[in-house]
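Descriptive structure summary
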Amino acid sequence: MTSPSPISAPTPDAVAYPGAAVIASPPASPVLAEVVRSGFVEGRHRGSLVVLAADGSVEWSLGEVTTPVFPRSTNKPMQAAAVLRAGLELSGERLALAAASHSGESFHLDLVRAMLAEYGLTAEQLQTPADLPLDPEEAEAYLAAGRVRDRLTMNCSGKHTAMLAACARNGWPLTSYLDPAHPLQQLVADGVRTASGEDVAHIGTDGCGAPLLSLSLTGLARAFRSFVLAAPGSPERRVADAMRAHPEYVAGTRRPDTWLMRALPGTLAKMGAEAVQALALPDGRALAFKIDDGATRTLGPVLARTLRHMDIDAPVLDRLADAPLLGGGARVGEIRATF
């Protein structure tokens, strides 16, 4: 198999503004996907991507893969490992839900409620923003039933429940559990550094309110690789095993991460907002990519093409790659990978 040829970035242009110093524009990322409507390319999505070999070395890459990005929810396995390191006993579906961006299906919400009750917590203690279910079909049904946005319905409520439970177990403050200086968040940061082999260059706030720790795409791929290769019984391996055994709790019944982990046994996959994706195969190969403009509609086609370049061949890749564009209710085009 021939790896895709690296795409050369253009020479930065100098942009001068009246009365200002000359500012150098950053190199443009390569085009990873294009939007084709009625045979016409009407848009392009740029981004960066890295693939690691089984030994952890960079096998090939496109774009800039060594500068920090915000991994968004692809950091969740590392956050889930931290609650285990804090002494919280979770396993099975509960541990998978602690690492989830769940769809808001009934089985997700029922388990969040059960976990809250098991640890003597209430939904009012969750510091997630009120939201609708992440899955569009679930959101429509939820609104049709006359319900309103709720903290528990937000896709990170499983993670927040596990964080609160870990704090309650240790006698740590509950009201400040999202503070970067909180003991639990310090455990998360230590885990992120260890798994990725990188220092955290930037700390932001994620959509759910939790601290958001930056990594390079190479560090993110390395972190996922470390989880699938971790020693049995370690927090990292326990998280990876729970996610792979119960992928519908990590995502949902209509979500690509679930399809992949069901169809490719031993695969660990997690997407994040702003079009971030990380994945590790059981042999230690791994990948991570980010689409610059945050278009999540590109994730399936780009991921499928990358896996094919990694000599993975399975029917699930056809399902992932299929991203139709509609016109008048009929299919008139598609989102397709370009490398």
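Summarised in this report is the structure supplied together with it. (Residues numbered from 1 in each chain as written. Predicted model: local features only at pLDDT ≥ 70, side-chain atom pairs only at ≥ 80, totals over all residues. Heavy atoms only, no water.)

For the rest of this paragraph, the subject is the pairing of strand β5 (residues 58-62). Across four bridges, the pairing between strand β4 (residues 40-52) and β5 is antiparallel. Bridge pairing in β5 links L52 to V58. Where β4 hands over to β5, the hairpin turn is made up of five residues, of which G56 adopts a positive phi near 95°. (Pairing = 2+ DSSP bridges. Helix = DSSP H or I, 4+ residues; strand = E, 2+ residues; numbered from the N terminus.)

A few words on unusual backbone geometry. Of note, R72 is a non-glycine position whose phi angle comes to about 55°, a positive value. Here the phi dihedral of D311 falls at roughly 65°; this positive angle occurs in a residue that is not glycine. By relative accessible area, D311 is classed as exposed at 54%. (Buried < 20%, exposed > 50% of the residue type's maximum accessible area, 1.4 Å probe, protein only.)

Before going further, it helps to spend a moment on the pattern of salt bridges. According to the stated counting rule, one finds 19 salt bridges in the structure shown. For the salt bridge of E137 with R254, the shortest nitrogen-to-oxygen distance reads 3.7 Å. Linking E137 in helix α4 (residues 136-144) with R254 in the loop between α9 (247-250) and α10 (256-263), this pair joins segments that are 117 residues apart in sequence. Taking the relative accessible area as the measure of exposure, R254 reaches 31% and is therefore partly exposed. Among the salt bridges present, the one from E248 reaches R262, with a minimum N-O distance of 2.6 Å. Linking E248 in helix α9 with R262 in helix α10, this pair joins segments that are 14 residues apart in sequence. Sharing partners across several salt bridges, the network here consists of D135, E137, E138 and R254. (Salt bridge = Lys/Arg side-chain N within 4 Å of Asp/Glu carboxyl O.)

Another aspect to go through is the packing of aromatic side chains. Throughout the structure, instances matching the rule amount to two aromatic pairs. Seen from their ring centres, W60 and F339 are 6.5 Å apart, and the 55° between their planes marks the pair as tilted. In this pair, W60 sits in strand β5 while F339 sits in the segment after β14 (330-337), placing the two residues 279 residues apart along the sequence. As far as burial versus exposure is concerned, W60 and F339 are alike and both buried. Geometrically, the ring pair formed by F107 and Y249 is edge-to-face, given 5.0 Å between the ring centres and 75° between the ring planes. One end of the pair, F107, is in helix α3 (residues 106-118); the other, Y249, is in helix α9, with 142 residues separating them in the sequence. Positioned above the aromatic ring of W259, the side-chain terminus of R319 is 3.7 Å from the ring centre. (Phe/Tyr/Trp six-rings, centres within 6.5 Å; stacked < 30°, edge-to-face > 60°. Lys NZ or Arg CZ within 6 Å of the ring centre and 35° of its normal.)

Before going further, it helps to examine helix α1 (residues 76-85). α1 sits mainly inside the fold: nine of its 10 residues count as buried. Along α1, the positions that sit buried rather than exposed are K76, P77, M78, Q79, A80, A81, A82, V83 and L84.

Quick look at the environment of D131 now. Along the chain, D131 turns up in the loop between α3 and α4. Put simply, D131 and T153 are 22 residues apart on the chain and 6.1 Å apart in space, counted from C-alpha to C-alpha. Ignoring any residue separated from it by four or fewer positions in sequence, one finds D131 in contact with R149, D150, T153 and M154. A polar contact of 3.1 Å, which involves the side chain of D131, links it to the side chain of R149. (Contact = heavy atoms within 4.5 Å. Polar contact = N/O pair within 3.5 Å; in protein donor to acceptor, adjacent residues only side chain to side chain.)

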